[in-house]
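This is what each chain is made of:
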Amino acid sequence: MTALAEALTVTRRFGHLLAVDQVDLQVDDGEVVGLLGANGAGKTTLIRLLLGLLPTTDGHVRLFGLPPSRETRRRLGYVSQGLGLYEDLTPRENLAFAHAAFGGDREVLPAGLRPLADVPVGRLPLGVQRRVAFAQALAHRPDLLVLDEPTSGVDPLARARLWETIREAADAGAGVLVTTHHMDEAEECDRLVVMADGRVVAAGSVADIVGDARVVVVRTDAWQQAFGSLEAAGLHAALVGRTLRVPGTRAGDVRRALGEIPARLEEAGATLEERFLELTSGWSGSGEAA
Amino acid sequence: MSWGASDLTVRFGAHLALAGVSLEALEGRVTGVVGGDGAGKTTLLRCLVGAIRPDGGEVRRPDPHRIGYLSSSSGTYPDLTVEENLDFAATTYGVPPEEARRRMAEHLERTGLAQARDRLAGDLSGGMRQKLGVIRAMVHRPDLLVLDEPTTGVDPVSRADLWWLVARAAAEGAAVVLATAYLDEAERASWLLALDEGRILAEGTPEQIASGVPGTIHSASARPGGPAAARSWRRGARWRVWTPPGAQSVATDGAEVVPDLHDAVTIAALARELGGASTGGEAA
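Residues numbered from 1 in each chain as written. Chains lettered and ligands numbered in written order. Predicted model: local features only at pLDDT ≥ 70, side-chain atom pairs only at ≥ 80, totals over all residues.

## Notes on the overall build of chain A
- Across its full length, chain A holds 10 helices and 13 strands.
- Principal axes of the C-alpha set define a box for chain A whose edges measure 70 × 45 × 35 Å.
- Excluding contacts between residues fewer than 6 apart, the proportion of contacts in chain A whose partners are at least 24 apart in sequence is 71%. (Helix = DSSP H or I, 4+ residues; strand = E, 2+ residues; numbered from the N terminus. Contact = placed C-beta atoms within 7 Å.)

Structure (structure tokens):
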């Protein structure tokens, strides 16, 4: 394996704000790494540091073993949240423009997009626009692909198709770094890095990150009443269907808080999202939410 | 009480935005409407609150002052503070000042907005603004609370706060209808409607939708060849291959998979796509 992108104990300050605090991160060839964090956790700053758009305050960034430069930029593909397409140009024109800047294949429009090749991008549905942005980012066969919330707003089948493209790039040897707010997307990644307050607070597979975190599951016909009783006791329950899931506590405490309300309680493994909330915000049943 | 819509049809010029869509919104229940961009979610929600008159079908809704609605664009006044936004809404709906203050304090506190009560709504982050929008929409304890993609673009921490508000409204007895593009979120609803191009793709509890998948699904390390290629999709590092009832099953190097909601909705969309292709289709 080759390290395509490396952050080596990178720190970035903006005045008094410590946006990225001694972060180590590595993306190897052929792997998809997910970067998770709440807004303000430092994800976007880290990506800008990795892309060489921002200088580090401390520590080093290496792309393909080198400091970021114009040459390393040519080996990168980047899809921003805003997609970075010209809305008044057609997909064909957008790709021709990118080709002139980056080189690579001339005719790279996937077959499914060809019927729409001459419609201005601004008039295409969001899912199609995303596929165009992907095609554009991949046209010069980048070694490293950086995707900022790549499938926001698209339906499940379209999302599966976009992930096919991401996986094909990884299978062909590219390294992929993906940010997302959605845990089902995070679970598509080979490895995850969780950031909070500028630091890496967890890293590894989904199983590594969830570890043995548990929640108390409450099943009762009177869930509305139970929700109120738990709140009154400072236990913050999440509603899933008609069951309540209470993180960061024990069944005994939940039982006491429910009082006379009949309910079946069981402990269950936390989901990635529940563990994420515990790691990043203290959003848990202990009543210490920010 | 039960609110909802039966057999809705909406046309915008030649475009069929909704075709025979029904939805039932029961009190104390969260009904999820899931679909991608252009699926018809917003049109359905607008019909439900009375902002659009459908070309066909019926809507049952409470009196307008008993509805809470957060549109997909914005539900707040950017040039008013957080507190002014909520005061204005409470006054509009005739909520007694004492009760309005109590609810406001509790909701702001619980969702981390208490420190921001004097900030202009226009200066809030996206997540904070969405939380304010939902608090505002439920300030009068509506019977029907309709939220159009409240969590789109919102980070997971604010999303947890938003879902607390949703649970709170349902616990108070509101029929909540919530649109989202995300299945991991839709999975939390107690009833789910999946829309695609203005039509219902699947409906039921998330468990019912998952267990109602026709045929079988197998895991595979590579995309199969032949006709099964069109019935396969990527799931993490591996592939899923769907075999519809009656189709020739394909030998894969992986085990049969118990479908989850993702598989079910993906298959429903695939089935429509494949069915559309073989019959010449009535693609929109």
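Let us keep going from here.
## Quick word on the overall build of chain B
- Summing up its helical and strand segments, chain B has eight helices and 12 strands in all.
- Dimensions along the principal axes, computed over C-alpha positions, put chain B at roughly 65 × 40 × 30 Å.
- Looking at chain B residue by residue over its 284 residues, the buried ones come to 50%.
- Restricting to contacts in chain B with at least 6 residues of sequence separation, those with at least 24 account for 69%. (Buried ≥ 20, exposed ≤ 12 C-beta atoms within 10 Å, placed from the backbone.)

## Some points on helix α5 (residues 156-171) of chain A
Residues and elements named next belong to chain A.
- A rise of 1.5 Å per residue sets the reference length of α5, with its 16 residues, at 22 Å; its end C-alpha atoms lie 22 Å apart and thus fit the reference within 8%.
- Extensive coverage of α5 is indicated by the burial of 12 of its 16 residues.
- Every buried residue of α5 is listed here: P156, L157, A158, R159, A160, R161, L162, W163, I166, R167, A169 and A170.
- Looking at the residues trailing α5, positive phi occurs at G173, about 110 degrees. (Expected span 1.5 Å × (residues − 1).)

## A look at the environment of L49(A)
Residue and element names in this part refer to chain A.
- Inspection of the secondary structure puts L49 in helix α1 (residues 43-51).
- Residue classification places L49 among the buried residues on the basis of 26 C-beta atoms within 10 Å.
- Separated by 13 residues in sequence, L49 and R62 have C-alpha atoms that sit 10.0 Å apart.
- For L49, the residues in contact, after removing those within four places along its chain, are A7, V10, R12, V20, L54, T56 and V61.

## Here we look at the environment of L138(A)
All names here are of chain A.
- Within the secondary structure, L138 is located in helix α4 (residues 126-138).
- L138 sits in the buried class, given 22 other C-beta atoms within 10 Å.
- Between the alpha carbons of L138 and D221 there is a distance of 52 Å; along the sequence they are 83 residues apart.
- Not counting the four nearest positions on each side in its chain, L138 is found in contact with G77 and A169.

## Things to note about helix α5 (residues 156-171) of chain B
Residue and element names in this part refer to chain B.
- Taking 1.5 Å per residue, 16 residues should reach 22 Å; α5 reaches 22 Å between its end C-alpha atoms and fits that length.
- Of all 16 residues that make up α5, 15 are buried, and the element is covered over most of its length.
- Of the residues flanking the end of α5, it is G173, one or two places downstream, whose phi is positive at about 105 degrees.

## Section: the nonpolar core
- Core analysis: the largest hydrophobic core is formed by 166 residues, its most contacted members being V176(A), L244(A), V166(B) and V176(B).
- With 10 residues, α5(B) is the largest single contributor of residues to this core.
- Residues contacting V166(B), with those up to four places away along its chain left out, are V30(B), V176(B) and L178(B). (Core = buried A, V, L, I, M, F, W, Y, C linked by C-beta atoms within 7 Å.)

## Remarks on the pairing of strand β12 (residues 243-247) of chain A
All names here are of chain A.
- Among the five residues of β12, four are classified as buried, and the element is accordingly described as predominantly covered.
- When strand β10 (residues 214-219) meets β12, the two strands line up antiparallel, connected through five bridges. Pairing of V216 across the sheet is with V246, part of β12.
- The sheet contact formed by strand β11 (residues 238-240) and β12 spans three bridges and is antiparallel. The residue of β12 that forms the bridge with L239 is L244.
- Here β11 folds back onto β12 in antiparallel fashion, the turn holding two residues, of which G241 has a positive phi close to 65 degrees. (Pairing = 2+ DSSP bridges.)

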